[in-house]
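Results of the structural survey
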Amino acid sequence: MQRRSFVLGAAVAAGAATLGAGGVLQKWREVDPGIRAPGRAEGHFLRDLAKHPGRLPVPSEIIETDIAILGSGVAGLTAAWKLERSGHQDFLVIDGPEADGNAAGARYGQAGEYACPTGAHYLPLPSQECLHVREILADLGVILRDAQAERPYYDERYLLHAPDERLLVEGHWYEGLLPPLQPGEQEELDRFNRSMDSLRTSRDARGRRAFMLPSAQASDDPRWLALDRITMRQWLEQEGYRSPALHWLANYGCRDDYGARYDQVSAWAGLHYFCSRSGQAANAADGAWLTWPGGLQPLAEGLARRIGPRRRPGTVLQLQETSRGIEALCMVLRDGQATSFLLRARKAVCAMPLFVAARITPAMATLGFDPAQHLPARAPWLVANFLLKRFPKEKPEAPLSWDNVIQREPGLGYVVSTHQDIRVHPPQQTVFTSYVALTHLAPDQARRWMDQATPAQLLALAMEDLQQAYGWQFGAAVERVDITLRAHAMAIPTPGFRSNAGLKKLQQADGKILFAHADLSGFSLFEEASWWGYQAALKALKT
């Protein structure tokens, strides 16, 4: 079953992710996981700086450029790529706390032959409305021909091959992501399918689709916006859906895309999960996915290659408008010691999460953005990469897939980084990447837990799904574990996010400071981040 197309076919109570009794720690005591927390040190420095502004480091260098791009996640890299593609060379990208943001990846092995994600890990085929994504994919060689046709031709190395998904329910694997059905559920699933088909093709009087990417181009018809006043769970209940399998899948979808449960996520966003993707290809099934061993890192690397050397490390501490443009005070933090430089430009593209931008950019308030009212809540995630000496033994019901999901919370299952290679030549080693959205806790509670947890506690949480799938034999196959903590991984589209007045002000900003981040959409997807980066570049090019 594809994530956003519902296939017919055959809830587990949300359990708190806690340390297992003694045995977990005993079995894993010999494993010393590496822990990464991108942005934590810089974030704490900014937080403390607000309390003690006199500690602001004096800049040792002044750099001038025409356009400053502040942040090198997908939005910032897209903005820089578009500037370069448009023939504009006078710009500089400041990386931020983590180069490539949520698209970053990692490599293992003596020659770095085992790539794996530390954040985002797939991209569905973009629809014809997603012109900017198709333009990027064509430039990077992912689309080989007919980029803007109804069905482009893709490089088959990046089209996800079968088996793509499986679900573990009560110790048994099932193909796809739909749990076994109870009597009477099939009729509800048939009705749900018909409803999703209708919504997927619905258009307003102006011809705009009800659900699409980028979401800024979707219909603002009141009948669709009304869905943003309730949660996804409320919508299911109002429509008379009682199927446990359907409720589980809707909850999983919200946790997977938005980092929050379906009783917290806007019904508009929940339905967007099922209805927004309509990509097609000449050489793949409708609704197929694109994936790489390193997640979306190859896309970030491809964009970065187009930018060339116009990029440097740094984190912005202050961003202000001046009579001639903007000034950004930036720092590089090494071993707790900050060195700084001043960046001057005609325009700035503020391509960082809005909760960070709100701390450093006074101009946001003059635009009508009030952090107390308009900042979205953010979901914390944990991503763990397990380098394995060998593949663990599988149960017989369904083969190892790219995405392997366990019917439980808070984990989201694990992906296999070598999946695309297995059909050609099965490797001796592999990397399993475990994803955990800490939806069993409120976001602030989850962040405090992540900040205070020991490496053993983090490892216990990261391995829960893998223990469910393989038992203790999995531990014997592990050679190395690296855990990435993303305390503010993504914005949560709670009810009302589509009418957030502050976000609309930042979306429309066209002055010396421009904004480009998936946060402007209210949820985190490659298609959204790249859209705002693309739009910011077009604005910045105007004289």
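In what follows, the structure referred to is the one given above.
Residues numbered from 1 in each chain as written. Predicted model: local features only at pLDDT ≥ 70, side-chain atom pairs only at ≥ 80, totals over all residues. Heavy atoms only, no water.

The next point concerns the pairing of strand E14 (residues 315-321). In summary, the side chains of a regular strand alternate between the two faces of the sheet. In terms of strand pairing, E14 meets strand E15 (residues 326-334) through 6 bridges, oriented antiparallel. For Leu319, the partnering residue across the bridge sits in E15 and is Ala328. (Pairing = 2+ DSSP bridges. Helix = DSSP H or I, 4+ residues; strand = E, 2+ residues; numbered from the N terminus.)

Locating Leu123 in the fold gives a position in strand E7 (residues 123-124). Overall, the relative accessible area of 1% leaves Leu123 in the buried class. Linking Leu123 and Trp292, residues 169 residues apart in sequence, is a C-alpha distance of 9.4 Å. (Buried < 20%, exposed > 50% of the residue type's maximum accessible area, 1.4 Å probe, protein only.)

Here the focus is helix H8 (residues 244-258). In this model, H8 (15 residues) spans 21 Å end to end at C-alpha, consistent with the 21 Å of a helix rising 1.5 Å per residue. Extensive coverage of H8 is indicated by the burial of 14 of its 15 residues. Where H8 begins, one side-chain oxygen reaches toward the backbone nitrogen of Ala245, 3.3 Å away; that side chain belongs to Ser243. Once H8 finishes, Gly259 follows within two positions and takes phi at roughly 70°, a positive value. (Expected span 1.5 Å × (residues − 1). Polar contact = N/O pair within 3.5 Å; in protein donor to acceptor, adjacent residues only side chain to side chain.)

To continue, consider the pattern of salt bridges. As a working rule, side chains carrying opposite charge can pair if their charged atoms are close by. Under the criterion given, the structure shown has 31 salt bridges. We note a salt bridge from Arg306 to Asp139, for which the minimum N-O separation is 2.9 Å. Of this pair, Arg306 sits in helix H10 (residues 297-307) while Asp139 is found in helix H4 (residues 131-139), placing the two residues 167 residues apart along the sequence. One salt-bridge network, in which partners are shared between bridges, spans Arg255, Arg261, Asp263 and Glu409. (Salt bridge = Lys/Arg side-chain N within 4 Å of Asp/Glu carboxyl O.)

All right, on to the environment of Ala384 then. Within the fold, Ala384 resides in strand E18 (residues 378-388). Between the alpha carbons of Ala384 and Phe497 there is a distance of 30 Å; along the sequence they are 113 residues apart. Every residue in contact with Ala384, bar those within four places of it in the chain, is listed here: Phe432, Thr433, Ser434, Ala462, Asp482 and Ile483. (Contact = heavy atoms within 4.5 Å.)

This part is about the sheet that holds strand E16 (residues 337-345). What holds strands together in a sheet is hydrogen bonding between their backbones, with the strands either parallel or antiparallel. Strand order in the open sheet formed by 4 strands is E2-E16-E15-E14, with mixed pairing between adjacent strands. In this open sheet, the two edge strands, each paired with only one partner strand, are strand E2 (62-64) and E14. The average undirected angle you get between the axes of adjacent strands in this sheet is 20°. Pairing of E15 with E16, which is carried by 9 bridges, proceeds in the antiparallel orientation. Considered in E16, the bridge of Arg334 is made with Gln337. (Axes fitted to C-alpha atoms, helices over the stretch in contact; angles between N-to-C directions.)

The quantities given are spatial measurements derived from coordinates; they are silent on function.
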